[in-house]
Amino acid sequence: MFYFTKTPFWLKRLYPTCLWNYPRVAGEKKIYLSFDDGPHPVATPFVLDLLKKYRAKATFFCIGKNVAAYPDIYRRILDEGHAVGNHTQNHLNGWRTPNDIYMKDIAEAANYIDSNLFRPPYGKITLFQAKNLRASMKGKKAKVIMWDVVSADFDETITPIQSLQFVVLRASSGSIIVFHDSEKAFEKLNYALPRVLQYFTEKGFKFLSIETN
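Overview of the structure. Keep in mind it's a predicted model, so treat the numbers as computed, not measured.

**A few points about the overall build of the protein**
Then, number 1: In terms of helices and strands, the protein carries nine helices and eight strands.
Then, number 2: On C-alpha atoms alone, the protein measures out to a radius of gyration of 16 Å, which is about the 17 Å that the 2.2 N^0.38 rule sets for 213 residues.
Then, number 3: Its C-alpha atoms give the protein principal-axis dimensions of roughly 45 × 40 × 35 Å.
Then, number 4: Restricting to contacts in the protein with at least 6 residues of sequence separation, those with at least 24 account for 78%.
Then, number 5: Each charge class in the protein was averaged separately, 29 positive and 20 negative side chains, and the resulting centres sit 8 Å apart.

Right, here's the structure in full:
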């Protein structure tokens, strides 16, 4: 399995219309946590409890079928002031899925997730798909949200400590960080997230949700 834990500049330039991170501003300390693949009955409440403890806001990129399965948890995300985004209905890989099927899957998820934010599963989306998102998201002008730091909590070959180190050593002000509120990632999420929140809070950072406008 190959992936970048810190997104290189040249990859960002290949998809310049996507939001990879916010620009650094002198004197500001802001980090944008994001969580993919939920809601999950154990992982998502765990994340929400921690965010509340640290008065942190985040963005949850939800899978439509999971929202349908756990509507109360999805409602809690919104009620506690976090942002949400469309992560397709069935976690499809845009590079391996015919355009018509992919766009219909996003449209189905939009029935459950009212947001103009979109994150492609695996970060894989074609230029055609990216340009035609509006039609699949109830006419909203879509913002494709990527990331610049990956926790790698999904990777079964690394340790929880490594997952923590990927974030602590690579994140800086303006970073969009990816975790996963899923069963597969929970062991590493359980270890890394509270320590990430504590570490950056002690350094004076604020945790914000991704802007929808």
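Having put the structure on the table, let's press on.
**Regarding the packing of aromatic side chains**
Then, number 1: Here the structure, examined in full by the defined rule, presents ten aromatic pairs.
Then, number 2: Ring geometry for Phe4 versus Trp10: centroids 5.8 Å apart, planes at 85°, classification edge-to-face.
Then, number 3: For Phe4, a relative accessible area of 31% puts it in the partly exposed group.
Then, number 4: Pairing Phe46 with Phe186 gives two aromatic rings, centres 5.3 Å apart and planes at 80°, and the pair type is edge-to-face. Of this pair, Phe46 sits in helix H2 (residues 43-53) while Phe186 sits in helix H9 (residues 186-202), placing them 140 residues apart in sequence.
Then, number 5: The rings of Phe2, Phe4 and Trp10 are connected pair by pair, giving a single aromatic cluster.

**Re the pattern of salt bridges**
A side chain with one charge may pair with a side chain of the opposite charge, provided their charged atoms come close.
Then, number 1: Enumeration over the complete set of coordinates arrives at eight salt bridges.
Then, number 2: The salt bridge involving Arg119 is made with Asp36; its shortest N-O contact spans 2.8 Å. Residue Arg119 is found in the loop between strand S4 (117-118) and helix H6 (127-131), and its partner Asp36 is found in strand S1 (residues 30-36); the two are separated by 83 residues along the sequence.
Then, number 3: Between Asp49 and Arg76 there is a salt bridge, with the nearest N and O atoms lying 2.6 Å from each other. Residue Asp49 is found in helix H2, and its partner Arg76 is found in helix H4 (residues 71-79); the two are separated by 27 residues along the sequence.
Then, number 4: Residue Arg76 is classed as partly exposed on the basis of its relative accessible area of 23%.

**Observations regarding the packing of helix H8 (residues 160-170) against H9**
Then, number 1: With their axes 8 Å apart at the nearest point, H8 and H9 run at an angle of 35° to one another. For H8 against H9, the interelement crossing comes out right-handed. On H9, the residues touching Pro160, Ile161, Ser163, Leu164, Val167 and Val168 of H8 are Glu187, Lys188, Tyr191, Ala192, Arg195, Val196, Tyr199 and Phe200.
Then, number 2: In terms of residue class, the contact of H8 with H9 is made up of ten nonpolar, one polar and three charged.

**Re the packing of H2 against H9**
Then, number 1: Running from amino to carboxyl end, H2 crosses H9 at an angle of 5°, the nearest separation of the two axes being 11 Å. Relative to H9, the element H2 is oriented roughly parallel. Here H2 contributes Ala43, Phe46, Val47, Leu50 and Leu51 to the contact with H9, which in turn contributes Phe186, Leu189, Asn190, Leu193, Pro194 and Leu197.

**With respect to the environment of Val149**
Then, number 1: Following the sequence through the fold, Val149 ends up in strand S6 (residues 149-150).
Then, number 2: The spatial distance from the C-alpha of Val149 to the C-alpha of Leu169 is 9.7 Å, given a sequence separation of 20 residues.
Then, number 3: Excluding its chain neighbours within four sequence positions, the residues that come into contact with Val149 are Thr5, Lys6, Phe166, Val167, Arg170, Ala171, Ser175, Ile176, Ile177 and Val178.

**As for the state of the cysteines**
Working definition of a disulfide: a covalent bond connecting the sulfur atoms of two cysteines.
Then, number 1: Inspection of every chain in the model, using the stated rule, returns zero disulfides.
Then, number 2: Cys18 takes part in no disulfide bond, and the closest cysteine sulfur to it belongs to Cys62, at a distance of 19 Å.
Then, number 3: The exposure class assigned to Cys18 is buried, which follows from its relative accessible area of 9%.

**Remarks on the layout of surface pockets**
Then, number 1: Considering only enclosed or pocket space, the largest pocket measures out at about 840 Å³ in volume.
Then, number 2: Contributing to the lining of the largest pocket are 29 residues, with Tyr3, Tyr122, Gly123, Lys124 and Trp147 lying nearest its centre.
Then, number 3: If you list the elements that add at least two residues to the lining of the largest pocket, you get helix H1 (9-14) and strand S7 (176-180).
Then, number 4: Class assignment for the residues of the lining of the largest pocket results in 17 nonpolar, seven polar and five charged.
Then, number 5: Size it by volume and the second largest pocket reaches roughly 250 Å³.
Then, number 6: What lines the second largest pocket is a set of 13 residues, among which Thr17, Ala130, Lys131, Ala142 and Val144 lie closest to the centre.
Then, number 7: Among the secondary structure elements, those contributing two or more residues to the lining of the second largest pocket are H6, helix H7 (133-136) and strand S5 (143-144).

Thresholds applied
- Residues numbered from 1 in each chain as written.
- Predicted model: local features only at pLDDT ≥ 70, side-chain atom pairs only at ≥ 80, totals over all residues.
- Heavy atoms only, no water.
- Helix = DSSP H or I, 4+ residues; strand = E, 2+ residues; numbered from the N terminus.
- Rg over C-alpha atoms; globule rule 2.2 N^0.38 Å.
- Contact = heavy atoms within 4.5 Å.
- Lys, Arg positive; Asp, Glu negative; His and termini not counted.
- Charge placed at Lys NZ, Arg CZ, Asp CG, Glu CD.
- Phe/Tyr/Trp six-rings, centres within 6.5 Å; stacked < 30°, edge-to-face > 60°.
- Buried < 20%, exposed > 50% of the residue type's maximum accessible area, 1.4 Å probe, protein only.
- Salt bridge = Lys/Arg side-chain N within 4 Å of Asp/Glu carboxyl O.
- Axes fitted to C-alpha atoms, helices over the stretch in contact; angles between N-to-C directions.
- Left-handed = near helix turned anticlockwise from the far one by under 90°.
- Nonpolar A, V, L, I, M, F, W, Y, C, P; charged D, E, K, R; others polar.
- Parallel < 35°, antiparallel > 145°, perpendicular 65-115°, else oblique.
- Disulfide = S-S within 2.5 Å.
- 1 Å grid on protein atoms, 1.4 Å probe; cavity = no way out; pocket = protein on both sides within 12 Å on 5 of 7 lines; lining within 4 Å.
- Points joined across faces, edges and corners; volume = space filled by probe spheres on them.

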